[in-house]
Amino acid sequence: MSRIVYVNGEYVPEEEAKVSVFDRGFLFADGVYEVTSVLGGKLIDFAGHAARLHRSLGELDMQSPVTDDDLLTVHRTLVEKNGIEDGLVYLQITRGAADRDFAYPEGAAPTIVLFTQSKPGLADSPAAAKGIKVISIPDRRWGRRDIKTVQLLYPSMGKMMAKAAGADDAWMVEDGQVTEGTSNNAYIVKGNTIVTRHLGEEILHGITRAAVLRMAREAQMKVEERAFTVEEAQGADEAFITSASSFVMPVVEIDGAPLGDGTPGPVARRMREIYLDESRAAAV
Ligand code: PMP
């Protein structure tokens, strides 16, 4: 079924949506994005995603073509027009169309595109009950992973490497330590302590990460924000990943080594439940 998408101020059927071949998002990956989950027709942590969008734009000297109020309206309108119960809203802003030149153009109008993807039963995925398997791969991305840009080719290659190895995803390793998953933040659990890499330019500052760490502290768990190795992860009690569209997802195997008894651990299951409950309650 054809969707209604949003392009530069207009709601149009997806077949009619157009972006210039000179768009710098297309030519230089000169653009940023956000993915916001929808549960029960409502947006999960919209404010967090809007705040990170501004940070990404700021780091690239780009202006938002819309206010946050307008952005919320567009998100809600697309959810409604496309009848999304569970799924996501994807948002992309690029520097716009200009003659091809590495230097940023003066005065190009940013391009803004939003679309929805319906994912019925998003919160009760079978993967969450079973847990996922990850492999480790070298982190060969650029150095500013804290900016949520659309240059996602290496993460795509990583997912394909995981598939080829019979796994579900890949954790990337730099200087001997795990940075993050291809499209998620990575965690291990030891006793009552959750360990996840500290923030910096090496990883994306996950909106789900911030929420889950806050909720873990509120639930009297200990949180350590520091790097860890694949070996430490393989010896941990449990592991999990977080992202806006997978929420909290247990990891049950790393590079072929099962964690614990090879089933989702109690901390990951509990954090998933807390995250989903609280996020649904706060959804807009
Ligand atoms: N790290 C990377 C590299 C990602 O692509 C994502 C998801 N886009 C995340 C972490 C998780 O971020 P969030 O919780 O904001 O979805």
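Please read all numbers here as calculations on a predicted model, not as lab measurements.

(A) Broad picture of the domain arrangement of the chain. On domain assignment, one finds that the chain holds domain 1 (4-121) and domain 2 (126-282). Here the C-alpha centre of domain 2 lies 26 Å away from the C-alpha centre of domain 1. Every contact between the two is made by 20 residues of domain 1 and, on the other side, 20 residues of domain 2. Interface of domain 1 and domain 2: buried area, both sides summed, is about 1,800 Å²; carbon and sulfur atoms make up 64% of it. Its largest share of buried area at the contact with domain 2, domain 1 owes to Y33, L39 and R52, together 33% of the area lost on that side.

(B) Expanded view of the packing of aromatic side chains. Under the criterion given, the structure shown has seven aromatic pairs. For the pair W171 and F228, a centre-to-centre distance of 6.0 Å together with 65° between the ring planes defines the contact as edge-to-face. With W171 in strand 8 (residues 169-174) and F228 in the loop between strand 12 (222-225) and helix 7 (230-234), this pair connects stretches of sequence that are 57 residues apart. The rings of Y33, Y90 and F115 are connected pair by pair, giving a single aromatic cluster.

(C) Focus on the packing of helix 2 (residues 46-59) against helix 3 (residues 68-81). As a packed pair, helix 2 and helix 3 sit with axes 11 Å apart at the nearest point and diverge in direction by 125°. In terms of their interaxial angle, helix 2 and helix 3 are classed as oblique. For the crossing formed where helix 2 meets helix 3, the hand is right-handed. Where helix 2 abuts helix 3, its residues F46, A50, L53 and H54 lie against D68, L71, L72 and H75.

(D) Summary view of the pairing of strand 13 (residues 238-243). For strand 13, the tally of buried residues reaches six of six residues, placing the bulk of the element in the interior. The two faces of strand 13 match: E238, F240 and T242 on one face and A239, I241 and S243 on the other face are all buried. Where strand 10 (residues 185-190) lies against strand 13, five bridges are found, and the strand directions are antiparallel. In the strand pairing of strand 13, A186 is matched with I241. Alignment of strand 13 against strand 14 (residues 247-254), held across five bridges, turns out to be antiparallel. Following the sheet pairing, F240 is matched in strand 14 by P250. Where strand 13 folds back onto strand 14 in an antiparallel hairpin, the turn is made up of three residues.

(E) Here's a closer look at the sheet that holds strand 4 (residues 42-43). The antiparallel open sheet is built from six strands, whose spatial order is 2-1-6-5-3-4. Two strands bound the open sheet, and with one partner strand each, they are strand 2 (10-13) and strand 4. Of the pairings in the sheet, the one linking strand 1 (residues 4-7) to strand 2 comprises four bridges and is antiparallel in character. When the bridges of strand 2 are listed, V5 appears paired with V12. Set on the sheet, helix 2 makes contact with strand 3 (31-39), strand 4 and strand 5 (87-94); between it and strand 3 the angle comes to about 175°.

(F) Representation of the nonpolar core. Counting 25 residues, the largest nonpolar core has L39, I194, F240, F247, M271 and Y275 as the members making the most contacts within it. Mapped onto this core, the elements with two or more residues apiece are strand 10, helix 6 (207-218), strand 14 and helix 8 (266-282). Per element, the largest residue contribution to this core is six residues, and it comes from helix 8. Sequence-distant contacts of Y275, defined by excluding residues within four places in its chain, comprise I44, T208, A211, V212, M215, F247 and V248. Among the nonpolar cores identified, the runner-up in size contains 23 residues, and F46, L60, I93 and I112 belong to it.

(G) Geometry of the site of the ligand. Close to the ligand lie 17 residues; R52, K148, E180, I207 and T208 are nearest. Between a nitrogen atom of the ligand and a side-chain N or O atom of K148, the distance comes to 2.4 Å. Between the ligand and the protein, one listed contact pairs an oxygen atom with a side-chain N or O atom of T208 at 2.6 Å. Here the ligand, which alone exposes 390 Å², has 92% of that area covered by the protein. Of all the elements in the fold, those that place two or more residues in the shell around the ligand are strand 9 (177-181), helix 6 and strand 13. Of the residues belonging to the shell around the ligand, the class tally is four nonpolar, nine polar and four charged.

(H) Expanded view of the environment of G96. Checked against the element boundaries, G96 lands in the loop between strand 5 and strand 6 (111-118). A residue is classified by how much of its surface remains accessible, and G96, at 0% relative accessible area, is buried. In this structure, the C-alpha to C-alpha distance between G96 and A109, residues 13 residues apart in sequence, is 5.4 Å.

Cut-offs applied
- Here the residue index of a chain counts from 1 through its sequence in written order.
- In keeping with the predicted nature of the model, local features appear solely for residues at pLDDT of at least 70, side-chain atom pairs appear and are counted solely at 80 or more, and the whole-chain, interface and lining totals rest on all residues.
- To obtain the side-chain values, all non-hydrogen atoms of the structure were included, while hydrogens and water were left out.
- Throughout the structure description, domain borders are defined by an automatic or database domain assignment.
- Whether two residues are in contact is decided by their heavy atoms, any of which lying within 4.5 Å being enough.
- Buried area: the accessible surface (1.4 Å probe) lost by two parts on joining, summed over both.
- Geometry of aromatic contacts follows a simple scheme: Phe, Tyr and Trp rings, the Trp one being its six-membered ring, pair when their centres are within 6.5 Å, and the pair is stacked under 30 degrees between planes, edge-to-face over 60, tilted otherwise.
- Secondary structure counts use DSSP, requiring at least four H or I residues in a row for a helix and at least two E residues in a row for a strand, with both numbered from the N terminus.
- Between the N-to-C directions of two axes lies an angle of 0 to 180 degrees, each axis being a line fitted to C-alpha atoms and, for a helix, fitted only over the stretch in contact.
- Orientation labels follow simple angle bins: below 35 degrees gives roughly parallel, above 145 gives roughly antiparallel, 65 to 115 gives roughly perpendicular, and whatever is left gives oblique.
- A crossing counts as left-handed when the near helix is turned anticlockwise from the far one by less than a right angle, and as right-handed when that turn is clockwise.
- Remark: exposure states derive from per-residue accessible area (1.4 Å probe, protein chains only) relative to the maximum for the residue type, with buried under 20%, exposed over 50%, and partly exposed in between.
- Any two strands with at least two DSSP-identified bridges between them are counted as paired.
- What is meant by a nonpolar core is a set of buried Ala, Val, Leu, Ile, Met, Phe, Trp, Tyr and Cys residues, joined one to another through side-chain atoms within 4.5 Å.
- Neighbouring residues are identified by heavy atoms, a residue being near a molecule or strand if any of them is within 4 Å of it.
- We define a polar contact as two N or O atoms separated by no more than 3.5 Å, with the added condition that, inside protein, one atom must be a possible hydrogen donor and the other a possible acceptor, whereas residues neighbouring each other in sequence contribute only through side-chain atom pairs.
- Exposure was quantified through the Shrake-Rupley algorithm and a 1.4 Å probe, taking into account, for residues, occlusion by the shown protein chains and nothing else.
- In this count, Pro and Cys sit with the nonpolar residues alongside Ala, Val, Leu, Ile, Met, Phe, Trp and Tyr, while Asp, Glu, Lys and Arg are called charged and the others, Gly among them, polar.

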